[in-house]
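Here's the letter readout for the chains.
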2 protein chains.
Amino acid sequence: MYTISEVSKLLAITTYTLRYYEKEGIVAPIRNANGERVYEDTHLAWLRFVLRLKQTQMPISQIREYAQLYLEGEHTSSARLNLLEDHRSSIQDQIRHLTETEKMLNDKIANYKVFISKGNTLDLSMDD
Amino acid sequence: MYTISEVSKLLAITTYTLRYYEKEGIVAPIRNANGERVYEDTHLAWLRFVLRLKQTQMPISQIREYAQLYLEGEHTSSARLNLLEDHRSSIQDQIRHLTETEKMLNDKIANYKVFISKGNTLDLSMDD
DNA sequence: ATATAGCTTAGAGTTTACTCTAAGGCAAAT
DNA sequence: ATTTGCCTTAGAGTAAACTCTAAGCTATAT
């Protein structure tokens, strides 16, 4: 059982963002007698999952879609499976792009190092 | 020598975006007698590089910084090297996150497949 | 009793990166 | 000569994801 500020500290996101996620249908904490949000461990686990999806570029709208399917029950499991498989492809694409760009940067960085160590006596083109 | 619409087609970005990038100090095509933008191969190569940086989550502001350093000449080469090395770290972080999330999705997807093939007779928790 | 800290809401404001509109210039085609 | 197509500009509009403000409630501390 956590207050909004405890969750905020645990997950390193602001309370504003937590309220925003609730407004967007991404998380639904329960309320205590004072009408204050109470998060349980299941909410924490779900939010950690959400943050990973975000970190891997899944838009809020799609995260909400997944959350809603979950709330709709077991008959949505194959829809959820599709969503996860699509996101996995997206992740694999991202890894490909990043790996290519990392290689390119390795080359450029090596060129800069040679250039600098030789006392800037070489030409570097826009592509170096 | 390319017109703005040719560059737009070659790079699959809109002419609006190309003008926006110029306003933001990211690319500086020359102008013909009619005041129209003329892009050369160097601009194309630079824009291709810019698109990779964007694709790997470098913000426009930082891309502009790199472009400005380039325009300021050779004495900025070590500043540019720092920028590229920082971005390489960022890329490596991203690859780590993506790889972890891919593994997590592999597990979840496998669970969903078992669940569905067994005729939904199992329990799936929020974390599956 | 009242101050303080932390919670609530609705709704406005911000940032980033485009995306589009309006008004107009110029050149080739009909 | 005028239509067509492509170009120009300044500046307004949009979408996503926050981020904050204002007004107010409630529990504990002094």
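Details of the structure are given in the entry above.
As a starting point, this report considers the structure included with it.

Cut-offs used in this document
- Residues numbered from 1 in each chain as written.
- Chains lettered and ligands numbered in written order.
- Predicted model: local features only at pLDDT ≥ 70, side-chain atom pairs only at ≥ 80, totals over all residues.
- Heavy atoms only, no water.
- Near = heavy atom within 4 Å.
- Helix = DSSP H or I, 4+ residues; strand = E, 2+ residues; numbered from the N terminus.
- Buried < 20%, exposed > 50% of the residue type's maximum accessible area, 1.4 Å probe, protein only.

## Examining the protein's contact with DNA strand D
Now for step 1: Taken together, 17 residues form the shell around DNA strand D, and within it Tyr21, Asn34 and Ile60 of chain A together with Ser5 and Arg37 of chain B come nearest.
Now for step 2: By atom count, sugar and phosphate contribute 77% of the portion of DNA strand D lying within 4 Å of the protein.
Now for step 3: Of all the secondary-structure elements, those providing two or more residues to the surface near DNA strand D are α2 (15-23) of chain A together with α1 (4-11) and α2 (15-23) of chain B.
Now for step 4: For the surface near DNA strand D, the element with the highest residue contribution is α2 of chain A, accounting for four residues.

## As for unusual backbone geometry
All names here are of chain B.
Now for step 1: In this model, Ala12 sits at a positive phi of 55°, which is unusual for a non-glycine residue.
Now for step 2: With respect to the secondary-structure elements, Ala12 resides in the loop between α1 and α2.
Now for step 3: Ala12 gets classed as exposed once you look at its relative accessible area, which sits at 68%.
Now for step 4: Its identity as a non-glycine residue notwithstanding, Gln57 has a phi of 70°, on the positive side.
Now for step 5: Tracing the backbone through its elements, the reader meets Gln57 in the loop between α3 (41-55) and α4 (60-72).
Now for step 6: Residue classification places Gln57 among the partly exposed residues on the basis of a relative accessible area of 39%.

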